[in-house]
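The residues making up each chain are set out below.
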Amino acid sequence: MILLANSEAYPGIEESARRLQEGEDGLTSLIEGIKLVELDPRVRTVGYGGWPNVLGEMELDGSVMDGDSLRTGAVGALKGYMHPVDVAHRVMTDLNHEILVGEGAAIFAKEIGAVAGDNLIEDSKQVWWEKLEQAMTPEEQAAFPNVPLAPLSNNATDPERVRDTTVFLSSDINKKISVATSTSGWAWKYPGRLGDSPIIGAGSYADSRYGACACTHTGEMAIRCSTSHAVVLYMKMGMSLDDAVYEAIKDLDYLKDGYTEGVTIHAIDCFNNHKVVSLNCPGNITYWFWETGMDKPEERQAEVIMTK
């Protein structure tokens, strides 16, 4: 068995590893770990304590994929609920759909009795307004929110320069490969913005015959290249895990315009190999890894490729 997750997984990675070790279903193990990340205010880009959109609203995204059935579930721009990954899973199990967004996602969350709550903590609210004040004239401040939002969304600076998510990937005792994601998205994003996390094939993809992939950081890049599906497809075409990831990095590096800060690829194959490569992402890039025989997950350094 194998478990791979990004650096922000620390509140829940041991829970997922414990469940896998006890023989639980892989996707369930990932979801229960991610739910702990979603509740931890130290993780500023996921769930409770995340950064709001430009209007000061928390919009959460999440997704799951079962690599045996290729069934998926996703939610986007979900407001008022604590666990988008749970709601995404119920989309997969309860509906003949694969994704719900906005008001529809909230209606469904209420229908299934999902845990409701306000994810915007006071610190996030304060920092949100301070950053907007710096980007607005006094006249705009007085008229807010009845002002053009696009310039504010583009110019307000992410307080931690982080455009991240949490991603968990696993191969369980039955060799089923699964992937799950959750995020609050970019700080000060335009209302209704979806990143790659709820877009199956962009932010995540799993196929038990080959492997799985999930991306963090600049989701717009992963959407344009369908990065997660590309990695799995390259393995299907006969590439090794390493070569598949490097080929996907070439795809991302080909992007010359738009917002192209960087992407970190997390991937596993059906032989329990793993690979984490970061393209042009600033800072120290780490990830969490666990496999059968290890006492607990380890935090490790990602491979970093800088081309700009």
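Anything mentioned here points back to the structure above.
A short tour of the structure in this document, coming up. (Residues numbered from 1 in each chain as written. Predicted model: local features only at pLDDT ≥ 70, side-chain atom pairs only at ≥ 80, totals over all residues. Heavy atoms only, no water.)

## Details of the overall build of the chain
Along its length, the chain carries 10 helices and 13 strands. Computed over its C-alpha atoms, the radius of gyration of the chain comes to 18 Å, within 12% of the 19 Å expected for a compact globule of 308 residues. In terms of principal-axis extent, the alpha carbons of the chain reach across some 60 × 45 × 35 Å. The buried share of the chain, reckoned over its 308 residues, is 57%. At a minimum sequence separation of 6, the contacts of the chain that also span at least 24 residues come to 68%. Accessible area for the chain stands at about 12600 Å²; split by element, carbon and sulfur atoms hold 50% of it. Counting 26 positive and 46 negative side-chain charges, the chain places the centres of these two groups 2 Å from one another. (Helix = DSSP H or I, 4+ residues; strand = E, 2+ residues; numbered from the N terminus. Rg over C-alpha atoms; globule rule 2.2 N^0.38 Å. Buried < 20%, exposed > 50% of the residue type's maximum accessible area, 1.4 Å probe, protein only. Contact = heavy atoms within 4.5 Å. Areas by Shrake-Rupley, 256 points an atom, 1.4 Å probe, with all protein chains shown as cover. Lys, Arg positive; Asp, Glu negative; His and termini not counted. Charge placed at Lys NZ, Arg CZ, Asp CG, Glu CD.)

## What to know about empty space enclosed by the protein
Where empty space is left in the structure can be found by rolling a water-sized probe over the atoms. One pass over the structure, following the stated rule, counts one cavity of 30 Å³ or more. By volume, the largest cavity is sized at about 80 Å³. For the largest cavity, the lining is made up of 14 residues, of which D164, R193, D196, S197 and H217 are closest to its centre. For the lining of the largest cavity, the class distribution of residues is one nonpolar, eight polar and five charged. (1 Å grid on protein atoms, 1.4 Å probe; cavity = no way out; pocket = protein on both sides within 12 Å on 5 of 7 lines; lining within 4 Å. Points joined across faces, edges and corners; volume = space filled by probe spheres on them. Nonpolar A, V, L, I, M, F, W, Y, C, P; charged D, E, K, R; others polar.)

## Description of the packing of aromatic side chains
A complete count under the given rule lists five aromatic pairs for this structure. When the centroid spacing of 5.1 Å and the interplanar angle of 65 degrees are considered together, the rings of W186 and Y259 count as edge-to-face. Here Y259 lies in the loop between helix 10 (241-253) and strand 9 (263-269) and W186 lies in the loop between strand 6 (177-183) and strand 7 (204-207), a separation of 73 residues in the sequence. The partly exposed category is assigned to Y259, whose relative accessible area is 35%. Taken together, the ring pairs connect W128, W129 and F144 into an aromatic cluster. (Phe/Tyr/Trp six-rings, centres within 6.5 Å; stacked < 30°, edge-to-face > 60°.)

## Section: the environment of P198
Here P198 is to be found in the loop between strand 6 and strand 7. A residue is classified by how much of its surface remains accessible, and P198, at 2% relative accessible area, is buried. As a C-alpha pair, P198 and A143 span 55 residues in sequence and 33 Å in three-dimensional space. The contact partners of P198, leaving out residues within four places of it in the chain, are D61, G62, S63, A74, V75 and I99.

## A look at the packing of helix 2 (residues 26-38) against helix 3 (residues 84-94)
Running from amino to carboxyl end, helix 2 crosses helix 3 at an angle of 150 degrees, the nearest separation of the two axes being 8 Å. By the angle between their axes, helix 2 is roughly antiparallel relative to helix 3. Together, L27, I31, I34, K35 and E38 of helix 2 and P84, V85, D86, H89 and M92 of helix 3 make up the contact between the two elements. Among the residues making up the contact of helix 2 with helix 3, the classes are represented as six nonpolar, one polar and three charged. (Axes fitted to C-alpha atoms, helices over the stretch in contact; angles between N-to-C directions. Parallel < 35°, antiparallel > 145°, perpendicular 65-115°, else oblique.)

## A word on the environment of G33
Topologically, G33 is positioned in helix 2. The exposure class of G33 is buried, given its relative accessible area of 0%. Put simply, G33 and D68 are 35 residues apart on the chain and 20 Å apart in space, counted from C-alpha to C-alpha. Once residues within four sequence positions are removed from consideration, G33 is found in contact with G12, E15, S16 and F168.

## Things to note about the pairing of strand 9
The element strand 9 is extensively covered by neighbouring structure, given that seven of its seven residues are classed as buried. Alternating residues of strand 9 divide into V263, I265, A267 and D269 and T264, H266 and I268, and every residue in both groups is buried. Of the strand pairs in this sheet, strand 9 and strand 10 (residues 274-279) are connected by six bridges, and their pairing is antiparallel. Counterpart to V263 in the pairing with strand 10 is L279. In this antiparallel pair of consecutive strands, strand 9 and strand 10, the connection spans four residues, and N272 shows a positive phi of 70 degrees. (Pairing = 2+ DSSP bridges.)

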